[in-house]
Amino acid sequence: YFSVPLNIRNYNLPSKNIVVYILLGILSGVVSSFWTRFFRTVQLSFRRWKRALYLKTALAGGILSILYAVNHIFIGKDLHIWGLGYETINTLFENPCEIATLVIIFLLVGKMVATALTVGSGAAGGLVLPTFFIGAAVGALFGQLPLGIPPEIASVAGALSFFASSTNTPLAMTIFSAEAAGTSLILPTMVASLVGHIISRNDSIFTDAKLFSKQKI
C-alpha cells in the first residue's frame, strides 16, 4: 500500500501560498482532462475494433511489453509503471527531488498509456491506483518548480487534487488529506482540488470505465 510521509504533518504552510495551490489545481485539472479524454479515446477505439477479446488484449499486451522493456532498461525496476505501483507512489511522495524530471514525465505518460491499454482493451485492471499514481507524478513535477512549496507536499497534494479532478471528488479528497496528514495538507488539497474540479468540468474517468460485456473470447 502507499502512505503519506509522516514528516508532512510537521509542515506549517503559510496561507500566502494560496496562489501556488491554485497553480497546482490548474495543472491537475488540465492533465486530468487530458487523461480522461485519452482513456476514453483508447477505450472507444478498442470497442469499435470488431475483433475477439483475446486479439484486443494480445495487441495491448504486445505494446505494453515494449513499454515495460523500455522502463526496465533505461530507468530500472525501482521506479516502474507496471503492477499496482505502490512502491513508485511512495517514492514520489517521499523523495520527489531525487527523481530526474524526464523520469517523472516517463512515469506519468507511461502509466497513462499502460492503464488505458490494459483497461481499454478489456483486460483485468482498475483505475483508482493508476489515477493516484499519475497524480503523484503530476505533483512531483510541480514540486520541482521554485515556487516555495515543499516537494513532498506538492507530490501528495498533486495526487489528491488530480484524483479529485478525475473523479469529481474534491470534498472527499480534502477530508482524506485531513485524515492522512492532519491540518498541513487541508488548504493545498482543498484549493487545488476545487480549482482542478472546475477546470475538468465535472468530467469523470469512471463515466466511461464500464466493464466489457458480450465480448467474443
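Structure's up top.
The following paragraphs examine the structure supplied in this document. (Residues numbered from 1 in each chain as written. Predicted model: local features only at pLDDT ≥ 70, side-chain atom pairs only at ≥ 80, totals over all residues. Heavy atoms only, no water.)

## Thoughts on the packing of helix α1 (residues 18-48) against helix α4 (residues 101-120)
Line of reasoning, step 1. In the contact formed by α1 and α4, the axes pass within 9 Å of each other and the chain directions differ by 35°. Note that α1 runs across α4; the crossing there is right-handed. Counted together, Val-31, Phe-34, Trp-35, Phe-38, Phe-39, Val-42, Gln-43 and Phe-46 of α1 and Met-112, Val-113, Thr-115, Ala-116, Leu-117, Val-119 and Gly-120 of α4 form the full contact between these two elements.
Line of reasoning, step 2. Classifying every residue of the contact of α1 with α4 gives 12 nonpolar, three polar and no charged. (Axes fitted to C-alpha atoms, helices over the stretch in contact; angles between N-to-C directions. Helix = DSSP H or I, 4+ residues; strand = E, 2+ residues; numbered from the N terminus. Left-handed = near helix turned anticlockwise from the far one by under 90°. Contact = heavy atoms within 4.5 Å. Nonpolar A, V, L, I, M, F, W, Y, C, P; charged D, E, K, R; others polar.)

## Here we look at the packing of aromatic side chains
Line of reasoning, step 1. In total, this model carries four aromatic pairs according to the counting rule given.
Line of reasoning, step 2. Here the aromatic rings of Trp-35 and Phe-39 are separated by 5.9 Å at their centres, their planes lie at 55°, and the arrangement is tilted. On the criterion of helical spacing, the pair formed by Trp-35 and Phe-39 is a turn pair, its members being four residues apart in helix α1. Summarising the burial analysis for this pair, Trp-35 and Phe-39 share the class buried.
Line of reasoning, step 3. Here Tyr-68 and Trp-82 contribute two aromatic rings whose centre-to-centre distance is 5.8 Å and whose plane-to-plane angle is 65°, an arrangement assigned as edge-to-face. (Phe/Tyr/Trp six-rings, centres within 6.5 Å; stacked < 30°, edge-to-face > 60°. Buried < 20%, exposed > 50% of the residue type's maximum accessible area, 1.4 Å probe, protein only.)

## A look at the environment of Leu-129
Line of reasoning, step 1. Within the secondary structure, Leu-129 sits in helix α5 (residues 128-143).
Line of reasoning, step 2. For Leu-129, a relative accessible area of 16% puts it in the buried group.
Line of reasoning, step 3. For the pair Leu-129 and Gly-85, spaced 44 residues apart in the sequence, the C-alpha separation amounts to 7.6 Å.
Line of reasoning, step 4. Discounting residues that sit within four places of it in the chain, Leu-129 has contacts with Phe-2, Leu-84, Tyr-86 and Ile-89.

Interpretation in functional terms is not warranted from these geometric data alone.
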